[in-house]
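This is what each chain is made of:
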Amino acid sequence: MAVAKIIDRIKFSLFSPDMIRKMSSVKVTVPDTYNDDSYPIDGGLMDLRMGVIDPGLKCKVCGGTIRSCPGHIGHIELVRPVIHPEFSKVILFILKSTCPSCKRLLLHEDELAELAQKIDADMEEEMKQKSKKSSSCPHCKTKLSEIKLLRPTTFFKDNNMMLPTEVRDWLAAIPDKDLKILGFDPHYARPEWMVLTALIVPAVSVRPSITLETGDRSEDDLTHKLVDIMRINQRLEANINAGAPQLIIEDLWELVQYHVTTYFNNETSNIPPARHRSGRPLKTLSQRLKGKEGRFRYNLSGKRVNFSARTVISPDPNISISEVGVPFAIAEELTVPIRVTNWNVEDCKKFIMSDNYPKAEYVIRPDGKRIRVTPSARDEILATFGAGYTIERQLMDGDTVLFNRQPSLHRISIMCHSVKVMPGRTFRLNPVVCPPYNADFDGDEMNLHVMQNEEARVEAEMLMKVHHQIISPRHGHAIVKPQEDYVSGAYFFTKKGTVFTKSEACQLLAMAGITRLPKPDEGENYSGKLLLSMLFPKELSIKVKSKMCKTKDPADDPDALIVIKDGIMVSGALESKSYENEILEQIFHNRGPEEARKFIDISTHMLLDVISKQGLSVSLANYSLSQEHHKKLLELQDSMKREIEAAIVQYKNKTLERSPGLSLRESLEEKIMQITSKARDAAGVLVEQSLGFSNTAIIMAKIGARGSLLNAIQMAAMVGQQAVRSKRLKRGYRGRTLPHFKKNDLGAAARGFVFGSFKSGLSPTEFFHHSMGGRESLVNTAIRTARSGYMQRRLINALQDMVVAQDLSVRDSRGVIVQFLYGGDGQDPIKANVKTEAPEEIKREEHEA
Amino acid sequence: MVSKKTQIDVGEAVGIVAAQSIGEPGTQMTMRTFHYAGVAEQVPTGLPRLIELVDARKEPKKPIMDIYLKGEAAESYEKAKEVAKAIECTTLDKVAYVEEDFDEKKILITLEKSEMDAEGVSESDIQKRIKGLSGLHVEIKEGTITAKPSSTSLRNIRRMTNKLRQLHLKGVERISRTIVVKGKDGKYFIRTSGSNLAGVLKNPHVDGSRVYTNDVQEICRVFGVEAARNALVREIKQVLDMQNLNVDIRHCMLLADSMTMDGAIKSIGRHGLSGEKAGVLARAAFEETVKHLINAAVRGEEDRLIGVTENIIVGQTVPVGTGLVKLKMKLD
């Protein structure tokens, strides 16, 4: 389908009463909707000339039905003009800027000429400055009167109320040229049009009534409001015709004004909101547009789509990272349009002929008519079937789809996968693609979209495919990366001393699709490094210190220095950082996305196999300190307690050293916090010593697979100081956190230090204190998500139009230059951060060799 | 010269990428405040600080300066301390007890000799400064000063009292606390609570080329937008780095550049960048929907549909990335 028409621009303007009458298809005169036979009343608010919402009826204007008639506007003639509440501020500005008698702008001719030259002047400011000086009109010398606005719609001239008629006459007399200077476009927005004489009645389709199960009709809020306006309008008319006293007329007039005001905006300040019979405030025009659930953000900026599916996700490490497992039930439901050409007619015919799974659901003829494929329609379809047709067949393996997980915080929250139809009821996802989606499998659901044309498919395939997103534009490092067990697998696979027999090696290599067995390097056996090296491209050369180096000297541990030379792993054990940041990124940049994908797919298969056979688990024993270390821990806690006591004594004697800028009390708190954090560090050393490097929990923490040393400390040794607002606990009772302590006890236990570990258990007071800290972090998380969400919305809104232009400058939609060269160097963050060359050291070594 | 191999793609929606790259880690940031020992407590870091920067607030919640010194002062702690003392602001209520007497319609100022000596202000200085104020009738006695406001309304007395208390006697205004810190290079610098670039730069011992404040607006006033832009980049990057969030500096630069592109710092949000966008629909879809529609109607405004939001609203191709290409295939 070619784009037939493109909207070039949208002009905003005010409706003049004449225009309203011209466009109106009906003058609504009856303040009612349906008659007793539930047929729309002629001249009523549901008049058939304003469109239809009842099935079976036809629009009297265009002859269309519910589906085809877009609706037409009608109008109400207001007997007396009424001020449009949303424009009252603008009206006030105009009244204040013009003369009450000659209606000219309150500026001298020379000032007028000067302002006419200025294009972008802030007129409100200019007028305020210029017209303040004089108390009479510069043109006709009339004394100026004071104009006031009593919100929302009442105007006062020298403290006498102005009727809307008076306002309207004033506005109508202002010459066009003066309005232009004020910044109005008189051709599109004459100010007197802001005082309504004819009111647009929106089409019926804008305010459809709903039929309840009981058969009762329930009218839309707008219809209710329009009924109110018309009733009072008619009463006003009757009273005027009957020659009622001015007072009564003005009262009714004001009532019409109230109804019109709430019709436009039911949240106008200083006015009680109009309510439904049930007491719920009505949702009128302004409310329909405004805010998150308003027309703009809910329906216009965010659109609903077809051809989408949503279900729970579950892991499947056996599919490729660029695949997604789609449950059979979903594949049956979703369809893909396939254009029939001379080259695929036969394939397409098969889909039409099929009664079972991959079958065509619909056929679209060249004339655009859509026919459902049924056994009876089949022959008729096939009679003329050929190139030019389009078939809609069920989703199949290899189809291109988009996969998404909310919140879609960055572009890699939506990526392109290819379909793999599977049994079961969940979407299957390779765990390696979890990080970009920030997904886990504790019940997360994800959405799938099937694209419906070639352009979309090609673009998705070329720009959004998972392997193109391996490197995140945020920091230029891998985001599609192996985690947890994969990392452990990589570590054990490449650790010194990991060897495989010939048969094991064959198994592993076969898994990777490699049929050539290298020469064994460990006697008759094969080292893990050698086997993994089989996957590396030849040019891969790396020399990095592993994460383990932080605590160990590379000289002591042969695994700590990772060296890969010309695609052969020489030394070191892989951990998360070297795997994802060095190897993966280099392959991506040197060999391209497709090769990087293959590397991830194959290497993760091998790693998973290794870790499955190796076995990796933790038990209570992994978090138990040896007796000797437990004793040391108790000593540590004792000495910490003593230290705190000593500080408190110093504080009480006032001998404690004051930190600059802090009160004595604050100095004490600071000191104690220092002592407790020192104690925690010391406990960390103890835990590390006691558990040792062969402890799986410690290994996983060290190589970045899962957990941290802090987790181990809290489980094995002690939970440590609890804090609220980065201070020791003090809230609760007067002078203490719980009644179990003495008032004003400043000691460790009384102020939230938890001596127990998660393994040994917490005492009741410790448990309470721990919960206090836990509460804070929960509250913080909730607040943080809300605040950062709003910040991101603002950021996106402010920056969304910035695009790199042909000359690599960054410009917004108007073409205004923001940066002369993107990022100062014109480099893509994805591509800029790489070392594509071998590290200097290795090069030098090669040179020497 | 731009390396072609790593060059950014033409048409890339770098704005959105930057916004996402800074916004996405927002959820991982802490709300904690940072403690600069001795100077100011609770300096916002993480998300609150980032929001503060992006909002382009008039003044940060906790203005902080790092004042680098030159010459002798950078080498000696004593000398640096002297400079710090000279910079630190002394107000009247630091050296005197100021109280109002509503019955007698006067303000009593009792000087505290010891504090005055410690701060290095003389009595005659104070007298001179108070005499210099308008709207006060001053009587001077040994150790006390009585001031009678010319307007004796209670409100005015209270106002004058507060004014007197904050009366600036010595040092640089708004610098409430100073501390001398030894830098990584072994040289001393002064960290202050409160920021006043123009005032600090007057001190001859201050290395004007390196003075730093976290008040971006002030940098803009004193050094101009270019400097403010650099400060913004630095501050944003620093906030992210402190949280161990790795974000490419280009994203921070784009954000800072768009905030400063027309010569003043504009905030991200309805009062700044988003409020001045070209498209009516884009503004209406962001915030204050009705206001923008009303104003557009009155002015007879036209939306040329050149932005992203506008085109999404009308259901057309967005002018970004592949959507920029106007090429069409000839069908025949």
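Residues numbered from 1 in each chain as written. Chains lettered and ligands numbered in written order. Predicted model: local features only at pLDDT ≥ 70, side-chain atom pairs only at ≥ 80, totals over all residues.

A.B. asks: An account of the overall build of chain A is requested, with residue identities and associated values reported.
C.D. replies: Check the secondary structure of chain A and you find 27 helices and 30 strands. Here chain A has a C-alpha radius of gyration of 38 Å; the compact-globule value for 849 residues is 29 Å, and the former is much larger. Looking at the 849 residues of chain A, the share that counts as buried comes to 39%. Of the contacts made within chain A by residues no fewer than 6 positions apart, 66% connect residues no fewer than 24 positions apart. (Helix = DSSP H or I, 4+ residues; strand = E, 2+ residues; numbered from the N terminus. Rg over C-alpha atoms; globule rule 2.2 N^0.38 Å. Buried ≥ 20, exposed ≤ 12 C-beta atoms within 10 Å, placed from the backbone. Contact = placed C-beta atoms within 7 Å.)

A.B. asks: Report on the sheet that holds strand 5 (residues 160-162) of chain A, specifying residues and quantitative values.
C.D. replies: Residue and element names in this part refer to chain A. Pairing is antiparallel in the open sheet, where 3 strands are placed in the order 3-4-5. What marks the edges here is a single partner per strand, and that holds for strand 3 (147-150) and strand 5. For this sheet, the mean inter-axis angle between neighbouring strands, taken without regard to orientation, is 35°. Relative to strand 3, helix 2 (residues 88-97) is tilted by about 170°, and along the sheet it contacts strand 3 and strand 4 (154-157). (Pairing = 2+ DSSP bridges. Axes fitted to C-alpha atoms, helices over the stretch in contact; angles between N-to-C directions.)

A.B. asks: Please set out the pairing of strand 10 (residues 177-182) of chain B residue by residue, giving values where relevant.
C.D. replies: Each regular strand carries side chains that alternate between the two faces of the sheet. All names here are of chain B. In this structure, strand 10 lies alongside strand 11 (residues 188-193), joined through 6 bridges in antiparallel fashion. Bridge pairing in strand 11 places T178 opposite T192. Connecting strand 10 to the next strand, strand 11, in antiparallel fashion are 5 residues, including G186 with a positive phi near 85°.

A.B. asks: With reference to specific residues and values, describe the interface of chain A and chain B.
C.D. replies: Taken together, the contact between chain A and chain B spans 77 residues of the former and 79 residues of the latter. Its residues assigned to classes, the side of chain A that touches chain B shows 33 nonpolar, 26 polar and 18 charged. Summarising the sheet, strand 1 (residues 10-11) of chain A and strand 13 (residues 302-303) of chain B pair through 2 bridges and their orientation is antiparallel. By the bridge assignment for strand 13 of chain B, I10(A) is matched with D303(B). (Nonpolar A, V, L, I, M, F, W, Y, C, P; charged D, E, K, R; others polar.)

A.B. asks: Let's hear about the packing of helix 1 (residues 14-23) of chain B against helix 12 (residues 249-260) of chain B: which residues, and what values?
C.D. replies: All names here are of chain B. Across the interface, helix 1 lies against helix 12 with an axial gap of 9 Å and an inter-helix angle of 110°. Comparing the axis directions of helix 1 and helix 12 gives the class roughly perpendicular. In the crossing of helix 1 with helix 12, the sense of the turn from one axis to the other is left-handed. On helix 12, the residues touching V14, G15, A18, S21 and I22 of helix 1 are H251, L254 and L255. In the contact of helix 1 with helix 12, the residues fall into 5 nonpolar, 3 polar and no charged. (Parallel < 35°, antiparallel > 145°, perpendicular 65-115°, else oblique. Left-handed = near helix turned anticlockwise from the far one by under 90°.)

A.B. asks: Break down the nonpolar core for me, with residues and values.
C.D. replies: All names here are of chain A. Core analysis: the biggest nonpolar cluster contains 99 residues, and V326, L531, A683, V687, A712, A716 and A717 have the highest contact counts within it. For this core, the leading source of residues is helix 22 (residues 664-691), giving 8 residues. In contact with A716, not counting residues within four places along its chain, are Y623, S624, L625, V687, L691, S757 and K759. Grouped together as the second largest cluster of nonpolar side chains are 77 residues, L48, L171, V201 and F296 included. (Core = buried A, V, L, I, M, F, W, Y, C linked by C-beta atoms within 7 Å.)

A.B. asks: Give a description of helix 22 of chain A that names residues and reports values.
C.D. replies: Turn by turn, an α-helix covers 3.6 residues, leaving residues three or four places apart pointing in a common direction. All names here are of chain A. In this model, helix 22 (28 residues) spans 40 Å end to end at C-alpha, consistent with the 40 Å of a helix rising 1.5 Å per residue. Within the sequence span of helix 22, burial applies to L668, K671, I672, I675, T676, A679, R680, A683, L686, V687, S690 and L691. For helix 22, the elements touching its buried residues are helix 21 (627-653), helix 23 (696-703), helix 24 (709-716), strand 24 (720-721), strand 26 (727-728) and strand 27 (753-754). Just past helix 22, the residue G692 takes up positive phi, approximately 75°. (Expected span 1.5 Å × (residues − 1).)

A.B. asks: Go over the domain arrangement of chain A with me, naming the residues and quoting the values.
C.D. replies: Taken domain by domain, chain A comprises domain 1 (26-72 + 202-272), domain 2 (85-188), domain 3 (308-469), domain 4 (496-614) and domain 5 (620-778). A separation of 62 Å is found between the C-alpha centroids of domain 2 of chain A and domain 3 of chain A. (Domains from an automatic or database assignment.)

A.B. asks: A description of the sheet that holds strand 7 (residues 136-141) of chain B should follow, citing residues and the corresponding values.
C.D. replies: All names here are of chain B. Reading across from one edge, 5-6-8-7 is the order of the 4 strands in this open sheet, with antiparallel pairing throughout. Each of the sheet's edge strands pairs with one partner strand only, and the pair in question is strand 5 (96-101) and strand 7. Sheet twist, expressed as the average angle between the axes of neighbouring strands with direction ignored, equals 20°. In the sheet, strand 7 pairs with strand 8 (residues 144-149) via 6 bridges, with the strands oriented antiparallel. Its bridge partner lying in strand 8, I140 is registered against I145.

A.B. asks: An account of the domain arrangement of chain B is needed here, citing residue identities and associated values.
C.D. replies: For chain B, the domain assignment lists domain 1 (10-32 + 41-57 + 217-260), domain 2 (64-88 + 174-212), domain 3 (90-170) and domain 4 (277-324). Here domain 2 of chain B and domain 3 of chain B have C-alpha centroids that lie 30 Å from each other.

A.B. asks: I'd like a description of the pairing of strand 10 (residues 323-327) of chain A, backed by residues and values.
C.D. replies: Residue and element names in this part refer to chain A. Along strand 10, 4 of the 5 residues are buried, which leaves the element largely enclosed by surrounding structure. Pairing of strand 10 with strand 16 (residues 414-422), which is carried by 5 bridges, proceeds in the parallel orientation. When the bridges of strand 16 are listed, P327 appears paired with M422.

A.B. asks: Can you tell me about the environment of V818(A), naming the residues and giving the values?
C.D. replies: Within the fold, V818(A) resides in strand 30 (residues 817-819). Considering only alpha carbons, one finds V818(A) and M802(A), 16 residues apart in sequence, at a separation of 8.0 Å. Apart from the residues within four sequence positions on either side, V818(A) is in contact with M802(A), V810(A), R811(A), D812(A), D257(B), S258(B) and M261(B).

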